[in-house]
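Observations on the three-dimensional arrangement
These are the residues of each chain, in order.
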Amino acid sequence: MSKKIFSGVQPTGNLHLGNYLGAIKNFVNLDNDKENECIFCVVDLHAITVNQDPKKLRDNIRETLATFIASGIDPKKSIIFNQSKVSAHSEAAWILSCVARMGWLNRMTQFKEKAGKDKEKASVGLYSYPVLMAADILLYDTTHVPVGDDQKQHLELCRDIAQKFNNDFKVGNFFHVPEPLIKKEFSRIMSLKDGTKKMSKSELSDLSRINLKDNKEEIVNKIKKAKTDSLPLPTSVVELEKRPEAKNLIGIYASLLNSNSEKIVKEFSGKNFSDFKESLSQVLVEKINPISNEIKKLLNEKKYLDAILLEGSEKADEKASKKLKKIQEIVGF
Ligand code: TYM
């Protein structure tokens, strides 16, 4: 069955292995399936929910697009655009913010994590950010949303908003209620310094993540310094549950090779971490180096990148503004 795919990535620089294995690699697989209609969005409106340097933001928008293409998304097949260029996203977000309930948003754990202790100083945008995400998805009658595990709660909210709108205005299935596509394994890549914390761009230590622009030496060094425990590699997957760092490194290795943790545990059962780390570095360099070289090359082709975004925004705008018009009619404008 053909699927309508939508997903977004924030242009906040330093896209990392978590973004790749949790999301972008899956975008590429979905994009390769001829049946699917895919839309991938550089969500610059989401990025400004925290402070951004305008010049860096402009560069990061191009870099996110370059990362999509370097990873294997074909801009001739899929629509790739930046969110701020399609005004229907902001307009629909306002209307949906009048459908979403405070109680629903109050439960969002990512806001609590990102706002930290001083919630009073967080932007209103950071709080209402999942409503904008719902608008992104619902404007395109999306059927499936590929994301990492950390976006699961936001997708549940999106489904609630869609259903409440449909019920409140008695419009049947006007908004399609989308399904999340979250891989059972590898949808939560953890920090290389702490296997209980998510790999993230906001983590201070660069040693905690593999950036998609890292070179060979950086990758090898980061894996060498990655935290492990003092035991040899486990002999069964059950053991992994109590060993978060081993679980994460084995997961990364398995995901890069399109394998699974069970097979990798068997392969390295009882071996030393130093042997495993050597193999892991090798696979990482093999898979990530071509992407990082391609990103760097594409960043010199600003006109090419800008043309893709322009064409993508025109195509997205055509679809989104039609849906927005219907939304406006339904609410009585
Ligand atoms: P963002 O920009 O934080 O992350 C982009 C994608 O990367 C995934 N991800 C991870 N996956 C596994 N392990 C990790 N450590 C890891 N870190 C990040 C995220 O789950 C995400 O899929 N709100 C979204 C962007 C967005 C969006 C949307 C997504 C805006 N509108 C509509 C889907 C549909 C975000 O901030 O992702």
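What you are looking at is a predicted structure, and each value in this text was computed from that prediction instead of being measured.

Quick look at empty space enclosed by the protein
- According to the stated counting rule, one finds two cavities of 30 Å³ or more in the structure shown.
- Taken as a whole, the largest cavity spans an internal volume of roughly 70 Å³.
- Examining the composition of the lining of the largest cavity, we find that four residues originate from one element, helix H3 (residues 54-71), more than from any other.
- Per-class residue counts for the lining of the largest cavity are three nonpolar, six polar and two charged.
- Three or more residues apiece are contributed to the lining of the largest cavity by two domains, here domain 1 (4-187 + 302-331) and domain 2 (206-297).

Points about the domain arrangement of the protein
- For the protein, the assigned domains read domain 1 (4-187 + 302-331) and domain 2 (206-297).
- The gap between the C-alpha centroids of domain 1 and domain 2 is 29 Å.
- In this complex, domain 1 contributes 14 residues to the contact, which on the side of domain 2 involves 19 residues.
- Summed over both sides, the interface between domain 1 and domain 2 buries roughly 1400 Å², with carbon and sulfur atoms accounting for 67% of that surface.
- Contact with domain 2 buries area across many residues of domain 1, yet Leu17, Ala70 and Phe186 alone supply 35% of it, more than any other trio.
- The residue Lys213 makes a salt bridge to Glu63 at a minimum N-O spacing of 3.1 Å.
- For the pair domain 1 and domain 2, the interface holds six residue pairs in polar contact (both at pLDDT 80 or more).
- Taken together, the elements giving at least two residues each to the side of domain 1 that touches domain 2 come down to helix H1 (17-32) and H3.
- Along the lines of polarity and charge, the residues of the side of domain 1 that touches domain 2 split into seven nonpolar, four polar and three charged.

Some points on the site of the ligand
- Within the structure, the ligand sits among 27 residues, and Gln10, Tyr129, Asp136, Asp150 and Ile189 are positioned closest to it.
- Between the ligand and Asp150, the relevant distance is 2.4 Å, taken from an oxygen atom to a side-chain nitrogen or oxygen of the residue.
- A distance of 3.2 Å is found between a nitrogen atom of the ligand and a side-chain nitrogen or oxygen belonging to Gln151.
- Relative to its free-state accessible area of 720 Å², the ligand is covered by the protein chains to the extent of 97%.
- Taken together, the elements giving at least two residues each to the shell around the ligand come down to strand S1 (4-9), H1 and helix H7 (124-138).
- A per-class count over the shell around the ligand returns 11 nonpolar, 11 polar and five charged.

Parameters at a glance
- Residues numbered from 1 in each chain as written.
- Predicted model: local features only at pLDDT ≥ 70, side-chain atom pairs only at ≥ 80, totals over all residues.
- Heavy atoms only, no water.
- 1 Å grid on protein atoms, 1.4 Å probe; cavity = no way out; pocket = protein on both sides within 12 Å on 5 of 7 lines; lining within 4 Å.
- Points joined across faces, edges and corners; volume = space filled by probe spheres on them.
- Helix = DSSP H or I, 4+ residues; strand = E, 2+ residues; numbered from the N terminus.
- Nonpolar A, V, L, I, M, F, W, Y, C, P; charged D, E, K, R; others polar.
- Domains from an automatic or database assignment.
- Contact = heavy atoms within 4.5 Å.
- Buried area = accessible area lost by both parts, 1.4 Å probe.
- Salt bridge = Lys/Arg side-chain N within 4 Å of Asp/Glu carboxyl O.
- Polar contact = N/O pair within 3.5 Å; in protein donor to acceptor, adjacent residues only side chain to side chain.
- Near = heavy atom within 4 Å.
- Areas by Shrake-Rupley, 256 points an atom, 1.4 Å probe, with all protein chains shown as cover.

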